[in-house]
Amino acid sequence: MFTISVPASSANIGPGFDSAGVAVSRYLTLQVKESEEWQFTHTTNSIPSVRHYRDHYIYKVAKQVADWHDSPLTACHVTMDSEIPLARGLGSSASAIVAGIELANQLCELRLTEDQKLAYAVKIEGHPDNVAAALLGGFVVTVKMGEEASYKKLPAIQTDLVVYIPNFELKTEDARKVLPEEFLMKDAATASGVSNLMISALLTGDYELAGKMMESDLFHESYRAKLIPNYFDIRSEARKLGAFGTVISGAGPTMISFVPNGQGATIAEQMRTILPDYEVDALQLDEKGLQVKVDIPITEKD
Ligand code: HSE
């Protein structure tokens, strides 16, 4: 019937804490086919299996959206493939939410706009930084005030990315527990100045300055550094190899470097020798976000 593809995402980008996010070139893919009854098949074992389709997270999201529209959700067979590791700071749950919303959108013919999809995704996820990037692609700045999320996608950022994925999980709630509950006004003003300058530098193509600001975050990086082995080594080694800036991806434990265009593969290869226990991967920013490809039925020729 159709295929849904959603990129992974990296939230925060240092000082853009709880606000900025980028879509990155690893994907969750759902192949959806007509079926008598609901069925989920996983082609990768990184996705947890469930005993009943009703317990499947993607089904739950799709059903919730269908219910909001009082629409029945037709049964189908969903084959899922994921390149996004769980609980590593690469937005696996955000991608699943966006995929579930699109599944309902297609099956119930809801014709949701991007704004409606984002509003549903924020309602389910609670915060917009990952879901906005996964939905829209590229570098997206968001803010949630009350229940409403506003967003703006930046023009394409011309850098490669390198990710350093350790082989352990870190739950966002644990990574939030180490953050201070309060922040002095003067520190908040400096911290938001750092964030503003990072965005301005990205918009004007000054990636050196943007990288410097990424590494000058005051909101969360210094508190979370202790949860992330090799945090300082990864930053300094990547910088020696030419990275503009290296930050925690989302709430961690993955870290991500913004590196000059065309140098991702070389830098990743060298970083692999320093981090043999990590999955080090050269990625791109994904500018497309959520994609749906409707299969054209093969008809017999006369
Ligand atoms: N902005 C969130 C955090 C991302 O840093 O806690 C995790 O979903």
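Residues numbered from 1 in each chain as written. Predicted model: local features only at pLDDT ≥ 70, side-chain atom pairs only at ≥ 80, totals over all residues. Heavy atoms only, no water.

Chemist: Is there a simple way to explain the overall build of the protein chain in this structure?
Modeler: Scanning the protein chain from N- to C-terminus turns up 10 helices and 11 strands. Whereas a compact globule of 302 residues would reach a radius of gyration of roughly 19 Å, the protein chain reaches 20 Å, a difference of no more than 12%. Dimensions of the protein chain along its principal axes, counting C-alpha atoms only, are 65 × 45 × 40 Å. Put simply, the protein chain has 302 residues, and 50% of those count as buried. For the protein chain, contacts bridging at least 24 residues in sequence account for 74% of all contacts bridging at least 6. Across the protein chain, the centroid of the 27 positively charged side chains sits 2 Å from that of the 40 negatively charged ones. (Helix = DSSP H or I, 4+ residues; strand = E, 2+ residues; numbered from the N terminus. Rg over C-alpha atoms; globule rule 2.2 N^0.38 Å. Buried < 20%, exposed > 50% of the residue type's maximum accessible area, 1.4 Å probe, protein only. Contact = heavy atoms within 4.5 Å. Lys, Arg positive; Asp, Glu negative; His and termini not counted. Charge placed at Lys NZ, Arg CZ, Asp CG, Glu CD.)

Chemist: Mind showing me how you'd approach the nonpolar core here?
Modeler: Generally speaking, soluble globular proteins have nonpolar side chains that are buried together. Counting 71 residues, the largest nonpolar core has Leu30, Trp38, Ile58, Leu73, Leu103, Phe139 and Leu202 as its most contacted members. With 9 residues, the single largest contributor to this core is helix α2 (residues 92-107). Domain assignment of the residues forming this core places at least three in each of domain 1 (2-154 + 287-294) and domain 2 (159-283). Each residue touching Leu103, except ones within four places of it in the same chain, is listed here: Phe2, Ile4, Val32, Trp38, Ile58, Ala62 and Val78. Ranked by size, the runner-up nonpolar core spans 17 residues in total, among them Val162, Ala268, Tyr278 and Val280. (Core = buried A, V, L, I, M, F, W, Y, C linked by side-chain atoms within 4.5 Å. Domains from an automatic or database assignment.)

Chemist: Quick question: what am I supposed to make of the domain arrangement of the protein chain here?
Modeler: As assigned here, the protein chain comprises domain 1 (2-154 + 287-294) and domain 2 (159-283). Computed over C-alpha atoms, the centres of domain 1 and domain 2 are 24 Å apart. Interface area for domain 1 against domain 2, summed over the two sides, is near 2,100 Å², with a carbon-plus-sulfur share of 64%. Summed over the shared surface of domain 1 and domain 2, the number is 4 salt bridges. (Buried area = accessible area lost by both parts, 1.4 Å probe. Salt bridge = Lys/Arg side-chain N within 4 Å of Asp/Glu carboxyl O.)

Chemist: Which parts of the structure should I look at to understand the layout of surface pockets?
Modeler: Rolled over the atoms, a probe sized like a water molecule indicates the empty space that remains. Of the pockets and cavities examined, the largest pocket occupies roughly 780 Å³. For the lining of the largest pocket, the secondary-structure elements that each account for two or more residues are α1 (57-68), β4 (76-82), α2, α4 (129-136) and α5 (172-177). A total of 5 residues in the lining of the largest pocket trace back to one element, the largest contributor, which is α2. Taken together, the residues of the lining of the largest pocket break down into 18 nonpolar, 14 polar and 8 charged. A domain-level breakdown of the lining of the largest pocket finds at least three residues from each of domain 1 (2-154 + 287-294) and domain 2 (159-283). (1 Å grid on protein atoms, 1.4 Å probe; cavity = no way out; pocket = protein on both sides within 12 Å on 5 of 7 lines; lining within 4 Å. Points joined across faces, edges and corners; volume = space filled by probe spheres on them. Nonpolar A, V, L, I, M, F, W, Y, C, P; charged D, E, K, R; others polar.)

Chemist: Would you take a moment to explain the site of the ligand for this structure?
Modeler: Taken together, the neighbourhood of the ligand is formed by Asn12, Phe17, Asp18, His127, Asp129, Asn130, Thr172, Arg176, Arg224, Gly250 and Ala251. Between Asn12 and the ligand, the recorded distance is 2.8 Å, taken from a side-chain N or O atom to an oxygen atom. With respect to the ligand, the side chain of Arg224 contributes an N or O atom lying 2.8 Å from an oxygen atom. Isolated, the ligand exposes 260 Å² of accessible area, and the fraction of that covered by the protein chains is 94%. Secondary-structure elements contributing two or more residues to the shell around the ligand are α4 and α5. In terms of domain composition, the shell around the ligand takes at least three residues from each of domain 1 (2-154 + 287-294) and domain 2 (159-283). (Near = heavy atom within 4 Å. Polar contact = N/O pair within 3.5 Å; in protein donor to acceptor, adjacent residues only side chain to side chain. Areas by Shrake-Rupley, 256 points an atom, 1.4 Å probe, with all protein chains shown as cover.)

Chemist: I'm lost on the sheet that holds strand β8 (residues 245-248) in this one. Help?
Modeler: Strand pairs in the sheet, formed through backbone hydrogen bonds, run parallel or antiparallel to each other. Taken together, 4 strands build an open sheet; the order of strands is β8-β9-β7-β10 and the sheet is antiparallel. At either end of the open sheet lies a strand with only one pairing partner, and these are β8 and β10 (279-284). Across the sheet, the mean angle from the axis of one strand to that of its neighbour is 25 degrees, orientation sign disregarded. Here 6 bridges tie strand β7 (residues 159-165) to strand β9 (residues 255-260), and the two strands are oriented antiparallel to one another. From the neighbouring strand, Leu161 faces β9, where its bridge partner is Phe258. (Pairing = 2+ DSSP bridges. Axes fitted to C-alpha atoms, helices over the stretch in contact; angles between N-to-C directions.)

Chemist: I would appreciate a short explanation of the pattern of salt bridges in the present structure.
Modeler: A side chain with one charge can pair with a side chain of the opposite charge if their charged atoms come near. Within this structure, the stated rule accounts for 14 salt bridges. Across the pair Asp18 and Arg176 runs a salt bridge whose closest N-O atoms are separated by 2.7 Å. Taken as a pair, Asp18 in the loop between β1 (2-11) and β2 (20-34) and Arg176 in helix α5 lie far apart in primary sequence, 158 residues in all. Taking relative accessible area as the criterion, Asp18 reaches 27% and is therefore assigned partly exposed. Accessibility expressed as a relative area gives 39% for Arg176, which makes it partly exposed. Taking the shortest distance from any N to any O, the salt bridge between Glu215 and Arg235 comes out at 4.0 Å. Taken together, the residues Glu215 in the loop between α7 (207-214) and α8 (221-224) and Arg235 in helix α9 (residues 231-240) connect sequence positions 20 residues apart. Taking relative accessible area as the criterion, Arg235 reaches 16% and is therefore assigned buried. What emerges from the salt-bridge pattern is a single network uniting Arg26, Glu279 and Asp281.

Chemist: Is there a simple way to explain the state of the cysteines in this structure?
Modeler: In this structure the tally under the stated criterion is 0 disulfides. We note that Cys76 lacks a disulfide partner, and the nearest cysteine sulfur, in Cys108, lies 9.8 Å from it. According to the relative accessible area criterion, Cys108 is buried, its value standing at 12%. (Disulfide = S-S within 2.5 Å.)

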